[in-house]
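Per-entry structural report
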Amino acid sequence: MWQKQMMFPVFLGEQVPPETLASTLAELDRCLQLLEDKFLKDQDFVAGPHISVADLVAITELMHPVSAGCQVFRSRPKLAAWRQRVEAEVGKDLFQEAHAAVMKVEDLPPADPAIKEKLKPSVQCLLQ
């Protein structure tokens, strides 16, 4: 859902409305709290004492807002410790390699204006 609200307007070269940004960040905060309270609880990983696919999927999802500048781990020591455990289990080099593309999204060249115009009707349809 956040991709629809946040990424499509950016793709179209439009500003994200402040109320959309605020509600998206509030939803992200709610989801982070849910991850901590319901899944991590007092265990090392999402599904128990060992890393699993659930951890890999969750960390991959969280790296998207991180790449956009959201400091999702800053005020959440439990989540930050989990991230460190996941990175340690995967290996620092592989972890960084796996997230390199999403972390460099700002370095990508802008989309071709002709392609944006061609896709604009489809993207606007998705926004409705």
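Here goes a summary of the coordinates provided. (Residues numbered from 1 in each chain as written. Predicted model: local features only at pLDDT ≥ 70, side-chain atom pairs only at ≥ 80, totals over all residues. Heavy atoms only, no water.)

1. Digging into the pattern of salt bridges
Basically, it comes down to this: Any carboxyl oxygen of Asp or Glu that lies within 4 Å of a side-chain nitrogen of Lys or Arg is treated as forming a salt bridge with it. Under the scheme used here, helices are H or I runs from DSSP no shorter than 4 residues and strands are E runs no shorter than 2 residues, and both carry numbers assigned from the N terminus. Exposure classes here rest on a 1.4 Å probe applied to the protein chains alone. A residue is buried below 20% of its type maximum, exposed above 50%, and partly exposed in between.
One pass over the structure, following the stated rule, counts 5 salt bridges. With its nearest N and O atoms 2.5 Å apart, the salt bridge here joins R76 to D29. Here the residue R76 occupies a position in the loop between α3 (53-67) and α4 (77-90), and D29 occupies one in helix α2 (residues 18-40), the gap between them amounting to 47 residues. The exposure class of R76 is buried, given its relative accessible area of 7%. Across the salt bridge formed by D44 and R85, the nearest N and O atoms sit 3.8 Å from each other.

2. Some details on the nonpolar core
Cut-off, in case you're wondering: Side-chain atoms within 4.5 Å link the members of a nonpolar core, which is a set of buried Ala, Val, Leu, Ile, Met, Phe, Trp, Tyr and Cys residues. Only heavy atoms enter the contact rule, under which two residues are in contact if any of them lie within 4.5 Å.
L35, I59, L62, F73, L79, W82 and V86 are the most contacted members of the largest nonpolar core, which has 15 residues in total. Setting aside its immediate chain neighbours within four residues, W82 contacts L35, L40, D44, F45, V46, D55, A58, I59, L62 and F73.

3. Quick word on the packing of aromatic side chains
Threshold: Within 6.5 Å between ring centres, the rings of Phe, Tyr and Trp (the latter by its six-membered ring) count as paired, and their orientation is classed by plane angle as stacked under 30 degrees, edge-to-face over 60, tilted in between. To sit over a ring, a charge needs its Lys NZ or Arg CZ within 6 Å of the ring centre and within 35 degrees of the ring normal.
What the rule picks out here adds up to 0 aromatic pairs. Over the face of the ring belonging to F73 we find R83, whose NZ or CZ atom lies 5.5 Å from the ring centre.

4. Quick notes on α4
Here is the rule we go by: Expected helix span is computed as 1.5 Å times (number of residues minus one). Arc definition: directions from the helix axis to the C-beta atoms.
The first and last C-alpha atoms of α4 sit 20 Å apart over 14 residues, in line with the 20 Å expected at 1.5 Å per residue. Of all the positions in α4, only L79, W82, R83, V86 and E87 are classed as buried. Projected down its long axis, α4 carries its buried residues within an arc of 135 degrees, all on one side. Along α4, the residues that are exposed and aim more than 90 degrees away from the buried face are P77, A88 and E89. Trailing α4 by a residue or two, G91 shows a phi angle of about 105 degrees, which is positive.

5. Describing unusual backbone geometry
For residues that are not glycine, phi is negative in most cases, and the peptide bond is trans in most cases. With a phi close to 45 degrees, K41 is a non-glycine residue in the positive phi region. Given a relative accessible area of 46%, K41 falls into the partly exposed group.

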